[in-house]
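Residues per chain, in single letters:
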Amino acid sequence: GSILWSVCYWQSLFITQSKCIERKECFMTNKHDGDIFDRIMSLPGLRIFEGPYRKYKSILLYLFFGGVSLAINIALFIVLVNIVCLDALISNIFCWIVCVIFQFFTNRTWAFDGHVDTKSAFLKQMVSFFGSRGFTLLVEEAILAIFIEGLSCDATVIKIIAQFVTIVMNYALSKMFVFRKKKE
């Protein structure tokens, strides 16, 4: 009893304690009533936004995690280019690796609800995600090469502009190809 209650207490951000104790599942089965963002939106002061949140949840969470990824990407790029003095194109590839790993797990978990039931479906999803991101990396690298290397524009400004171009492309590719729902 007390061990189960302790586990449930620490899982209270994801599952209410009473439901956890009734169902005796907690994190062990990963079943809960909505995700952490649904729980946050159910707080008294935020309930007025519930309609638009439910309607635009995928886009809002994509933008939220995209914003976090953008901040990581830009900050890491600035450090690598301005402090470490690494080439902008090489820095961009390193930033891409870090951020794409972060984006894959946040996008599949929250933004697009990309749950799959088999290992092969997961691998297919991962390959599709990294493949589509690889395509937009090539677009971003071309933008950086033309404007930074070719036209000697400010690396940080061009990186930010290139990020907004790839954010739009990444959303479209993720929605249409990587995390699309199967028609039943």
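Residues numbered from 1 in each chain as written. Predicted model: local features only at pLDDT ≥ 70, side-chain atom pairs only at ≥ 80, totals over all residues. Heavy atoms only, no water.

> What exactly am I supposed to notice about the overall build of the protein chain here?
For the protein chain, the count of helices and strands is eight helices and zero strands. Starting at the N terminus, the α and β elements of the protein chain follow one another as α-α-α-α-α-α-α-α. Burial status across the protein chain gives 35% buried among its 184 residues. With the model as given, the accessible surface of the protein chain reaches about 11400 Å², and the carbon-plus-sulfur share is 70%. (Helix = DSSP H or I, 4+ residues; strand = E, 2+ residues; numbered from the N terminus. Buried < 20%, exposed > 50% of the residue type's maximum accessible area, 1.4 Å probe, protein only. Areas by Shrake-Rupley, 256 points an atom, 1.4 Å probe, with all protein chains shown as cover.)

> Can you walk me through the nonpolar core in this structure?
Note on soluble globular proteins: their nonpolar side chains tend to be buried together. One finds F37, Y62, A111, F112, F129 and F179 to be the most contacted residues of the largest nonpolar core, which totals 17 residues. For this core, the secondary structure elements donating two or more residues are α4 (36–41), α5 (50–83), α6 (88–111), α7 (119–150) and α8 (155–178). Membership of the second largest hydrophobic core comes to twelve residues, among which are I143, L144, I148 and A155. (Core = buried A, V, L, I, M, F, W, Y, C linked by side-chain atoms within 4.5 Å.)

> Would you explain the packing of α5 against α6 in this entry?
Between two packed helices, what matters for the description is the angle formed by their axes and the separation of those axes. Close contact between α5 and α6 brings their axes to 9 Å; oriented N to C, the two are set at 160°. Considered as vectors, α5 and α6 are oriented roughly antiparallel to each other. Handedness of the α5/α6 crossing: right-handed. Each residue belonging to the contact of α5 with α6 can be placed in one class, and the counts come to 17 nonpolar, eight polar and no charged. (Axes fitted to C-alpha atoms, helices over the stretch in contact; angles between N-to-C directions. Parallel < 35°, antiparallel > 145°, perpendicular 65-115°, else oblique. Left-handed = near helix turned anticlockwise from the far one by under 90°. Nonpolar A, V, L, I, M, F, W, Y, C, P; charged D, E, K, R; others polar.)

> Any chance you could explain empty space enclosed by the protein here in plain terms?
Over the atoms a probe the size of a water molecule is rolled, and this reveals where empty space is left. Counted under the stated rule, the structure contains one cavity of 30 Å³ or more. Roughly 200 Å³ of volume is contained in the largest cavity. Forming the boundary of the largest cavity are 20 residues, of which Q103, R133, Q163, T166 and N170 lie nearest the centre. Only α5, α6, α7 and α8 provide two or more residues apiece to the lining of the largest cavity. If one sorts the elements of the lining of the largest cavity by residue count, α6 sits on top with seven residues. (1 Å grid on protein atoms, 1.4 Å probe; cavity = no way out; pocket = protein on both sides within 12 Å on 5 of 7 lines; lining within 4 Å. Points joined across faces, edges and corners; volume = space filled by probe spheres on them.)

> Teacher, can you tell me more about the confidence of the model for the protein chain here?
Overall, the prediction assigns the protein chain a mean pLDDT of 79, with 80% of residues at 70 or greater. Taking the mean pLDDT of every element in the protein chain, the minimum, 36, falls on helix α3 (residues 26–29) and the maximum, 92, on α7. Contacts of residues 1–32 to residues separated by more than four positions or lying in other chains number 38 contacts, the stretch itself having pLDDT below 50. (pLDDT = per-residue confidence, 0-100. Contact = heavy atoms within 4.5 Å.)

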